[in-house]
Amino acid sequence: MSFWRVLLSIIFPPIAVCDKGCGSFLIVLLLTLAGWVPGVIAALIILNNNRN
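Cut-off values and rules
- Residues numbered from 1 in each chain as written.
- Predicted model: local features only at pLDDT ≥ 70, side-chain atom pairs only at ≥ 80, totals over all residues.
- Heavy atoms only, no water.
- Phe/Tyr/Trp six-rings, centres within 6.5 Å; stacked < 30°, edge-to-face > 60°.
- Buried < 20%, exposed > 50% of the residue type's maximum accessible area, 1.4 Å probe, protein only.
- Core = buried A, V, L, I, M, F, W, Y, C linked by side-chain atoms within 4.5 Å.
- Helix = DSSP H or I, 4+ residues; strand = E, 2+ residues; numbered from the N terminus.

## Concerning the packing of aromatic side chains
All told, the structure shown has one aromatic pair when counted by the stated rule. Both rings, one in Phe 3 and one in Trp 4, keep their centres 5.2 Å apart while their planes meet at 70°; by these two values the pair is edge-to-face. Each member of the pair Phe 3 and Trp 4 is classed as exposed.

Shown next as structure tokens:
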């Protein structure tokens, strides 16, 4: 996880996870619309996942 990805996930979380798949993008987008903090947390969790 690079510094720029972390910074992007703090500023606009859905863009940071757009290459992780459509499902991840939609989940983070919905959480960001519900509240900024849940979207950031979800984006950081998805980016920290080592599987893909």
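Next comes the rest of the write-up.
## Some thoughts on the nonpolar core
Looking at soluble globular proteins, one finds that nonpolar side chains tend to be buried together. Ala 16, Val 17, Val 28, Ala 42, Ala 43 and Leu 47 form the largest nonpolar core, which has six residues in total. Ranked by the residues each element gives to this core, the list is headed by helix α4 (residues 36–48), at three residues.

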